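# Structural characterization, general
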Amino acid sequence: CNGAFMISRLQSVVPYRRWLYFAASLTCVAIIAFALYLQHYRYMEPCWLCYLQRGGVLLTGIVCFFAAVQNPKLLGLRVYAALVTLTAGGGAAVAIRHLYIQSLPIEEVQNCGQTVTMLLEEMPYFSALLKMLEGSAECWGQEPVMGLPLPAWTLLFFSAMIIFAWGLAFLF
């Protein structure tokens, strides 16, 4: 009986799913703004994997924005949940790779002085993406934010976005 009450309370949120998706897209904007703040005012230079995670946040925000604008019904909610899973899942995979690289001893991490711009200019895009996923020494030595490395925060965010999207898809 108590479980049915909780489900009915959660389903009362459904009419507000447009605003929830809009809030999720604004959260993505806030995360990108915070990353830019760290880069330009705290002088934490992003590595290649940081840029890929920013891309995942940006794509997830775009998907959430379109979901808010369209305000889909049952099938559309599940399609948007799958798209959020695709974009956030890709970002989560990059965050896991980033955390793995940070867990290695610095001697085992390759050092490459190329910037992302140089890499994209010199190589085809797919080859540059594979090179970025290898990581570099720049990925290794970042200071934690509120006790956790930035990739851990983005992994938590991507996981929450996937749970959020599927929660809305099945509460319809």
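Every value quoted in this text rests on a predicted model; they were computed, and no experiment measured them.

About the criteria used
- Within each chain, residue numbers correspond to sequence positions counted from 1 in written order.
- Reporting of local features is limited, given that this is a predicted model, to residues whose pLDDT is at least 70; pairs of side-chain atoms are given and counted only at 80 or more, and all residues count toward the totals for whole chains, interfaces and linings.
- Water and hydrogen atoms play no part in the side-chain values, which are based on all heavy atoms of the structure.
- For helices the rule is a DSSP run of H or I covering at least 4 residues; for strands it is a run of E covering at least 2, with both sets numbered from the N terminus onward.
- In what follows, a contact means two residues having at least one pair of non-hydrogen atoms within 4.5 Å.
- The Shrake-Rupley method, run with a 1.4 Å probe, gives the accessible areas here. Residue values count only the displayed protein chains as cover.
- Our working definition of a disulfide is a cysteine sulfur pair at a distance within 2.5 Å.
- Throughout this description, buried means an accessible area under 20% of the type-specific maximum (1.4 Å probe, protein chains only), exposed means over 50%, and partly exposed covers the range between.
- A fitted line through C-alpha atoms represents every axis, and for helices the fit uses only the stretch in contact; the resulting angles, taken between N-to-C directions, go from 0 to 180 degrees.
- An angle below 35 degrees is treated as roughly parallel, one above 145 as roughly antiparallel, one from 65 to 115 as roughly perpendicular, and anything else as oblique.
- Note on convention: near helix rotated counterclockwise from far helix by under a right angle means a left-handed crossing. Clockwise means right-handed.
- In the scheme used here, Gly and all other residues not listed as nonpolar or charged are polar, with Ala, Val, Leu, Ile, Met, Phe, Trp, Tyr, Cys and Pro taken as nonpolar and Asp, Glu, Lys and Arg as charged.

### Points about the overall build of the protein
In terms of regular secondary structure, the protein is built from seven helices and zero strands. Starting at the N terminus and walking to the C terminus, you meet the elements of the protein as α-α-α-α-α-α-α. Considering only contacts in the protein between residues 6 or more positions apart, those separated by 24 or more positions represent 83%. Carbon together with sulfur atoms contributes 71% to the accessible area of the protein, which is approximately 10,100 Å² in total.

### Quick look at the state of the cysteines
Going through the model one piece at a time under the given rule, you end up with zero disulfides. Residue Cys64 stays outside any disulfide, its sulfur separated by 5.4 Å from that of Cys28, the closest cysteine. When its relative accessible area of 0% is taken as the criterion, Cys64 is described as buried.

### Considerations on the packing of helix α2 (residues 17–40) against helix α3 (residues 48–70)
Relative orientation of the contacting elements α2 and α3 amounts to 155°, with a least axis distance of 7 Å. Taken together, α2 and α3 sit at an angle that is classed as roughly antiparallel. Relative to α3, the crossing made by α2 is left-handed. Contact residues: α2 offers Arg18, Tyr21, Phe22, Ala24, Ser25, Cys28, Ile31, Ile32, Ala35, Leu36 and Gln39, while α3 offers Tyr51, Arg54, Val57, Leu58, Thr60, Gly61, Cys64, Phe65, Ala67, Ala68, Val69 and Gln70. For the contact of α2 with α3, the per-class residue count stands at 16 nonpolar, five polar and two charged.

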